[in-house]
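Residue-level listing of the chains:
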Amino acid sequence: MAIPAGYIQLKQGRHSMQKSLKHETVFYGISKYANVFVTLLTTSILSRILNPSEFGVVSVVTVFTAFFTILSDMGLGTAVIQNKSLTDEEISDIFSFSVYVALVLGIIFLFLGMPISWFYGDTVYLKICVLLSISVFFNAVNIIPNAVLMKNKRFGLVGKRLIAVSVATGVIAIAMAQAGFSFYAIVFQSVFQALFIFLWNYWNTRLKFRLRFNRESIQKVQQYSTYQFSYSLINYFARNLDNLLIGKVLGSVSLAYYDKGYRLMMYPVQNLTYVINPILHPILSDYQNNKAYIYGAYMKVVRMLSLLGVFISFYCFWASEEIIMVFFGDQWADSVPVFRLLSLSVWPQLVSTSAGSIYQSTGNTKLMFKSGAIHFSTTIALIIFGVLSGELEIVALLVAISLYLRFFVDYYFLIVKGFGYLYGDFLKAFRSDIVIMIAMICTIFIGRNLQIDGILWAILLKALILGSVYISAVAITGQLSYLLSLVKRKR
């Protein structure tokens, strides 16, 4: 029997779409890692031009800009991606609503400098907040255009934007710092970044702004977005309460050292899971009614992230001093203990931060909010205790502990409540990883007094020693064949 020509064309069309999506995804991943390099290079240069106190001043305000970004999103971005029934007109209505929200939040942030200046006893925050109100506005109006690009799986275009904007704003910041603009170099970097990203995204989506919009379009995504927004809000406080309290109780210089160690620890987390997460939601949301498929696909991601996290966590712990010195210089030596302790939390973070995309893909943002509420209550208690101790190392240790607790809470809700599977069966997937961890801990303990001349040589030698033990342990536990099978599947 002859195969209909229409069927052949449909099959060829699907194959072409899959191939195009694969290329878009690969390019997006490459661009993310290129952005890591650009960001590290920019930060490394700025850290040698500006001193810790200058970084500390800006670190105080960026906590608030991140908060306003969450307020402006209100969960609408992920809701636009998740809801497949939204029309172009309805998305334009949601975009128009977001512009009004952005304008209000920008004005509020402009005047926020007064209470911040009073709280921290420094009038410099008045000028900084005026400038960053521009950043707040453009970050807010960019929420929906960015969501549309991700919904349409235009990952390659987003990747090009990422590299272009990072390079342009990095050059501007370095030039301004060299010209003596002090911490204003970082402030203007944030402003230009928000502006350039919005212009790029808006040009490529051409959403329509309406002075009067249909409120029913907002109501269509309200329930999903409300729980998403609530979760983002409590997650923000869980992530930033340490910065807020350290800046107030221990001072801006201590905050600068802590923030530098924290941000460096977050690089592998952000640029591994945050490469995967934005792609996971748009792709898996197409299967939101097939939880078994989502679970099977996600477990492959979990196993891969766990294996990567084990090595990164313990390598950063062992080579913490050398890493800080290479990237930021001797003046940031006080960040070493903070980075060393926080690096222990890279493993649980690499795995658990991807859980949010699965909650979103299955439409279960309410469950995600419940999990986040429990995590926040434990985190706030640990952070307050740490700050009151007056020691940055204790704060870092307790924050790391809170991130391990988050891992267990998050996956209890996701696996048991979300998918209806046994929690013990899920945890068994990490048995081999624990064996690998023990092997690496023993190696670090044996080599703890190893003396190596030269920072670069120390970084390379520690990587070689720990890497050899890691690969051997991966092979012995049978995980090497699993990793190789993933590579073969991708090909």
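Residues numbered from 1 in each chain as written. Predicted model: local features only at pLDDT ≥ 70, side-chain atom pairs only at ≥ 80, totals over all residues. Heavy atoms only, no water.

## Points about the overall build of the chain
In step 1: Counting its regular elements, the chain contains 22 helices and 0 strands.
In step 2: Its C-alpha radius of gyration of 23 Å places the chain within 12% of the 23 Å reference for a compact globule of 491 residues.
In step 3: Of the contacts made within the chain by residues no fewer than 6 positions apart, 84% connect residues no fewer than 24 positions apart.
In step 4: Per element, the accessible surface of the chain, about 22,700 Å² overall, is 66% carbon and sulfur.
In step 5: Once the 39 positive and 22 negative side-chain charges of the chain are each reduced to a mean point, those two points are 12 Å apart. (Helix = DSSP H or I, 4+ residues; strand = E, 2+ residues; numbered from the N terminus. Rg over C-alpha atoms; globule rule 2.2 N^0.38 Å. Contact = heavy atoms within 4.5 Å. Areas by Shrake-Rupley, 256 points an atom, 1.4 Å probe, with all protein chains shown as cover. Lys, Arg positive; Asp, Glu negative; His and termini not counted. Charge placed at Lys NZ, Arg CZ, Asp CG, Glu CD.)

## Side note on the state of the cysteines
In step 1: Counted according to the given criterion, the structure contains 0 disulfides.
In step 2: Of the cysteine sulfurs around C316, a residue in no disulfide, the closest is that of C442, at 19 Å.
In step 3: By relative accessible area, which is 40% here, C442 ends up partly exposed. (Disulfide = S-S within 2.5 Å. Buried < 20%, exposed > 50% of the residue type's maximum accessible area, 1.4 Å probe, protein only.)

## Points about the packing of helix α20 (residues 431-446) against helix α21 (residues 455-476)
In step 1: Across the interface, α20 lies against α21 with an axial gap of 9 Å and an inter-helix angle of 155°. On the basis of the axis angle, α20 is roughly antiparallel to α21. When the axes of α20 and α21 are compared, the crossing they make is right-handed. Residue-level contacts link I436, A439, M440, T443 and I444 of α20 to I465, L466, V469, Y470, A473 and V474 of α21.
In step 2: Broken down by class, the residue content of the contact of α20 with α21 amounts to 10 nonpolar, 1 polar and no charged. (Axes fitted to C-alpha atoms, helices over the stretch in contact; angles between N-to-C directions. Parallel < 35°, antiparallel > 145°, perpendicular 65-115°, else oblique. Left-handed = near helix turned anticlockwise from the far one by under 90°. Nonpolar A, V, L, I, M, F, W, Y, C, P; charged D, E, K, R; others polar.)

## Looking at the pattern of salt bridges
In step 1: Here the structure, examined in full by the defined rule, presents 4 salt bridges.
In step 2: Between E322 and K462 there is a salt bridge, with its nearest N and O atoms 3.1 Å apart. Of this pair, E322 sits in helix α13 (residues 320-328) while K462 sits in helix α21; the two residues are 140 residues apart in sequence, bridging distant segments of the chain. Grouping residues by exposure puts E322 and K462 together as buried.
In step 3: Ionic pairing is found between R406 and D410, a salt bridge with its closest N-O pair at 3.5 Å. Taken together, the residues R406 and D410, both in helix α18 (residues 392-419) and 4 residues apart, mark about one turn of the helix. Across this residue pair, the class does not change: R406 and D410 are buried. (Salt bridge = Lys/Arg side-chain N within 4 Å of Asp/Glu carboxyl O.)

## Digging into the side chain of T365
In step 1: You can see T365 is positioned in helix α17 (residues 365-389).
In step 2: The class for T365 is buried, based on a relative accessible area of 2%.
In step 3: In this structure, T365 is in contact with Y224, Y227, Q228, Y359 and Q360, ignoring residues within four places of it in sequence.

## Some remarks on the nonpolar core
In step 1: One finds F109, Y125, I128, Y258 and Y411 to be the most contacted residues of the largest nonpolar core, which totals 113 residues.
In step 2: Not counting chain neighbours up to four residues away, the residues in contact with Y411 comprise Y298, V302, V351, S352, S354, A355, V416, Y423 and F426.
In step 3: Grouped together as the second largest cluster of nonpolar side chains are 30 residues, L76, F198, V221 and I279 included. (Core = buried A, V, L, I, M, F, W, Y, C linked by side-chain atoms within 4.5 Å.)

## Some thoughts on the environment of R154
In step 1: Locating R154 in the fold gives a position in the loop between α6 (143-151) and α7 (155-178).
In step 2: According to the relative accessible area criterion, R154 is partly exposed, its value standing at 32%.
In step 3: Along the backbone, R154 and F314 are 160 residues apart, and their C-alpha atoms lie at a distance of 35 Å.

## Regarding helix α5 (residues 124-141)
In step 1: Helix length check: α5, at 18 residues, gives a terminal C-alpha distance of 27 Å against a target of 26 Å (1.5 Å per residue), a fit within 8%.
In step 2: Its maximal kink placed at L131, α5 deviates by approximately 30°.
In step 3: Residues V124, Y125, I128, C129, L132, S133, S135, V136, F138, A140 and V141 constitute the buried set of α5.
In step 4: Residues of α5 that are buried sit in contact with α2 (52-73), α4 (88-120), α6 and α8 (184-205). (Expected span 1.5 Å × (residues − 1). Bend = angle between axes of the 7 residues up to and from the residue.)

## Points about a nonpolar patch on the surface
In step 1: On the surface, L103, I107, L110, F111, M114, L126 and V130 cluster together to form a nonpolar patch covering roughly 620 Å² of accessible area.
In step 2: Elements with a minimum of two residues in the nonpolar patch: α4 and α5.
In step 3: Among the elements that make up the nonpolar patch, the one with the highest residue count is α4 (5 residues).
In step 4: Note on placement: L110 falls in helix α4.
In step 5: Its relative accessible area of 33% is what places L110 among the partly exposed residues. (Patch = residues over 30% accessible without salt bridge, like charges linked within 9 Å, V, L, I, M, F, W, Y side chains within 5 Å.)

## Observations concerning the packing of aromatic side chains
In step 1: As enumerated under the stated definition, the model contains 26 aromatic pairs in all.
In step 2: An angle of 85° between the planes, with centres 5.2 Å apart, marks the rings of F407 and F408 as edge-to-face.
In step 3: Residue F407 is classed as buried on the basis of its relative accessible area, which comes to 1%.
In step 4: Members of the aromatic cluster, connected to one another through ring pairs, are W347, Y404, F407, F408, Y411, F426 and F430.
In step 5: Taking the ring centre of F328 as reference, the NZ or CZ of K260 above it sits at 4.8 Å.
In step 6: A cation over a ring is seen here: K260 above W332, with NZ or CZ 4.7 Å from the ring centre. (Phe/Tyr/Trp six-rings, centres within 6.5 Å; stacked < 30°, edge-to-face > 60°. Lys NZ or Arg CZ within 6 Å of the ring centre and 35° of its normal.)

## Topic: the confidence of the model for the chain
In step 1: When pLDDT is averaged across the chain, the result is 82; 92% of the residues are at 70 or more.
In step 2: Element-level pLDDT for the chain is lowest in helix α22 (residues 479-490), with a mean of 62, against a maximum mean of 92 in helix α14 (residues 336-342).
In step 3: Taken as a whole, residues 1-17 scores under 50 in pLDDT and shows 1 contact with residues more than four places along the chain or in a different chain. (pLDDT = per-residue confidence, 0-100.)

## Considerations on the side chain of T379
In step 1: With respect to the helices and strands, T379 occurs in helix α17.
In step 2: Engagement of the side chain of T379 in a polar contact is seen with the backbone oxygen of H375, the distance being 2.9 Å.
In step 3: The residues contacting T379, other than those within four sequence positions of it, are A238 and S402. (Polar contact = N/O pair within 3.5 Å; in protein donor to acceptor, adjacent residues only side chain to side chain.)

## Points about the environment of N35
In step 1: Its location among the elements puts N35 in helix α1 (residues 5-49).
In step 2: Linking N35 and G454, residues 419 residues apart in sequence, is a C-alpha distance of 28 Å.
In step 3: Every residue in contact with N35, bar those within four places of it in the chain, is listed here: L162 and S166.

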